[in-house]
Structures are given as structure tokens and as C-alpha cells.
Amino acid sequence: CRCCADSRRHSSILYNILRSEERAASPAGQGPRRGPASRGCPCGSRRRVALKSPQVACKAASAVLVKTLRFVQNVPCFQELPLDEQLLLVRSCWAPLLVLGLAQDRVHFETVESAEPSMLQRILTTRRQGEQPPPREPAPGRPHHGPGTPHPPSAGEIQAIKGFLAKCWSLDISTKEYAYLKGTVLFNPDLPGLQCTRYIEGLQREAQQALNEHVRLIHRGDEARFAKLNVVLSLLRSINANVIAELFFRPIIGTVNMDDMLLEMLCAKL
């Protein structure tokens, strides 16, 4: 395939990544609101929460998702990949790219404790209706819901998202830096099933090199900035895609297969 060819226009790849990001950029919103640090026992992080203003937050997240996929579509080297490779990359990275977009657009959201029924209430309710009692909640870190099963995010999961946004805002990341970070996330050569791994690995390496060069040029007095930006990337690993879907998309569109929606959006002209 074309993507595996040895000859590529190295100078144009990251230029187009940056250009596509600039075209998708929007005016910056309000900065983060700081609140008191959470206190209490560790079990408080497992409390289920929901968006305080779902219409506002979900609309903002949906707009960021559209801009994120438009950014991906405008990267020429991504378009050179076979469609199944494109889908594999997007399905694996849409959530971290979305959270990076939320940080770039400075999207702020608040949550409230969810009025989720207790396990005893659910058992009694389902037995009255002649249904099987609900399964026990899985241990933290394991997949926590099946297709079509509502499962509000926990306070700890939301705190991970907010902590990531606060870290990005504290670094005052520029448009170019966001573009290179997104390029690093998008071109992940470690995904099982990829065929063009060497090509994708080269693109990720180029994004990292471009980020490093930009930081050395613009932030000459901050030798640790490149390392700080890579810490941002490491924080993305703690954010679960299921949590993002439950938090920002289920409240407005209900049960949805994100893979199907991403395929439809990726093939559309956004």
C-alpha cells in the first residue's frame, strides 16, 4: 500500500497536521475553575456522578468531537492509510484526542452525585418484575458495563479527567503543541492488528521530534517543558473511553455504539 512506501514528504506531514489543527481551532473559552481539594475516605471516589448541566457540557463535547475528527481527516498522511487502518487508529484514540480537545477549548463542566439506586433496591425491583437480579459491580479497573447498560461514571474517574484538564491549563499549551501532542496520540504503532506499523511509528516519531524542536525554540528557558508535555500524554492512559462515552454522549443520544458512530463520522465530510 502507499503508506508502506519508503519515500515520503517528511516536511509536509507535520506542516499539514499543524495547518489542519489551526483550521479547526476555536476561540479560547474560560479558564479552569479551582475548587477545594476533595476530602474524605477513599470510598468516596467510587460514588457515581452525572453532569450538572448535561445539555451544555454534552453539546460542547460533541462540537469538540466533530472538530477532532475534522483535524484527523485533514492530515494527508492519515488519509494515505487504508480505511481499516484509519478506523483502528481512530477507535483506539478518539477518547484521548477528545480530552485533549476539551483542554484546548477550555471546556469546563461540573458534576453532581447520581441518584443511582442501591444494590438492594435493584435486587428488590428486579425480583418484583420477575427478572434476574443485577450482577455485582466489578472491581475497579475492569470493564464495568456491557452494551446498552447505563453505568454512571465514578467520582474518581471524573477526577482523573479534571486533573488532566487542570494539568494542561497550568502548562498553557499552545496551538502548535496541541497539534504535535495529537499527532503523537493518533499515530500509535503499538495497536494490535496494524499492518503499516513502521510507517505509523515514523509519523509518531516525527510528531515527537517536531514537538521537541518547537519547545527548544520557543521555551528556551524551560528545559523541562518537553518532559512536562510528555507527562500530559502519560496521564491520558488513565482515562477510560467508556467513561467519556457515558459522561458526554449517553445523556443526549442514549445507548450508542461509538465504533459505529466514529465510522459514520469518519466517512462523512465534516
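About the thresholds
Residues numbered from 1 in each chain as written. Predicted model: local features only at pLDDT ≥ 70, side-chain atom pairs only at ≥ 80, totals over all residues. Heavy atoms only, no water. UniProt positions renumbered as here; feature names shortened; annotations may be inferred. Helix = DSSP H or I, 4+ residues; strand = E, 2+ residues; numbered from the N terminus. Buried < 20%, exposed > 50% of the residue type's maximum accessible area, 1.4 Å probe, protein only. Contact = heavy atoms within 4.5 Å. Axes fitted to C-alpha atoms, helices over the stretch in contact; angles between N-to-C directions. Parallel < 35°, antiparallel > 145°, perpendicular 65-115°, else oblique. Left-handed = near helix turned anticlockwise from the far one by under 90°. Nonpolar A, V, L, I, M, F, W, Y, C, P; charged D, E, K, R; others polar. pLDDT = per-residue confidence, 0-100. Phe/Tyr/Trp six-rings, centres within 6.5 Å; stacked < 30°, edge-to-face > 60°. Lys NZ or Arg CZ within 6 Å of the ring centre and 35° of its normal.

- Looking at an unreviewed UniProt entry, the chain carries the name Nuclear receptor subfamily 0 group B member 1, with the source organism given as Atlantisia rogersi.
- In its Subunit (unreviewed entry) section, the UniProt entry covering the chain states "Homodimer. Interacts with NR5A1, NR5A2, NR0B2 and with COPS2. Interacts with ESRRB; represses ESRRB activity at the GATA6 promoter."
- According to the UniProt record, the Sequence similarities (unreviewed entry) comment for the chain reads "Belongs to the nuclear hormone receptor family. NR0 subfamily."

Here we look at the overall build of the chain
Turning to step 1, where the next piece is worked out: When its secondary structure is counted, the chain shows 12 helices and 2 strands.
Turning to step 2, where the next piece is worked out: Walking the chain from its N terminus toward its C terminus, one meets helices and strands in the order α-β-α-α-α-β-α-α-α-α-α-α-α-α.
Turning to step 3, where the next piece is worked out: A buried classification covers 40% of the 270 residues belonging to the chain.
Turning to step 4, where the next piece is worked out: The long-range share in the chain, meaning contacts at least 24 apart out of those at least 6 apart in sequence, stands at 83%.

Topic: the packing of helix α8 (residues 197-218) against helix α9 (residues 225-235)
The axes of two packed helices give the description: the angle between them and the distance between them.
Turning to step 1, where the next piece is worked out: Following both chains from N to C, one finds α8 and α9 inclined at 140 degrees, their axes separated by 9 Å at the closest point. Viewed along their axes, α8 and α9 adopt a mutual orientation that is oblique. In this structure, α8 meets α9 at a crossing whose hand is right-handed. Across the interface between the two elements, Q208, L211, N212 and V215 of α8 pack against R225, F226, L229, N230 and L233 of α9.
Turning to step 2, where the next piece is worked out: Among the residues making up the contact of α8 with α9, the classes are represented as 5 nonpolar, 3 polar and 1 charged.

A look at the confidence of the model for the chain
Turning to step 1, where the next piece is worked out: Taken over all residues, the pLDDT of the chain has a mean of 80, while the share at 70 or more is 69%.
Turning to step 2, where the next piece is worked out: For the stretch residues 4-11, pLDDT sits under 50, and the model shows 7 contacts to residues farther than four places along the chain or on other chains.
Turning to step 3, where the next piece is worked out: Under a pLDDT of 50 for its full length, residues 28-41 has, in the predicted model, 7 contacts with residues more than four places off or in other chains.

What about the packing of aromatic side chains?
Turning to step 1, where the next piece is worked out: According to the stated counting rule, one finds 2 aromatic pairs in the structure shown.
Turning to step 2, where the next piece is worked out: Ring geometry for W94 against F249: centres 6.2 Å apart, planes inclined by 65 degrees, an arrangement best described as edge-to-face. In this pair, W94 sits in helix α4 (residues 83-104) while F249 sits in the loop between α10 (241-248) and α11 (250-253), placing the two residues 155 residues apart along the sequence. When sorted by exposure, W94 lands in the same class as F249, which is buried.
Turning to step 3, where the next piece is worked out: The ring of F109 carries K162 above its face, with NZ or CZ at 5.3 Å from the centroid.

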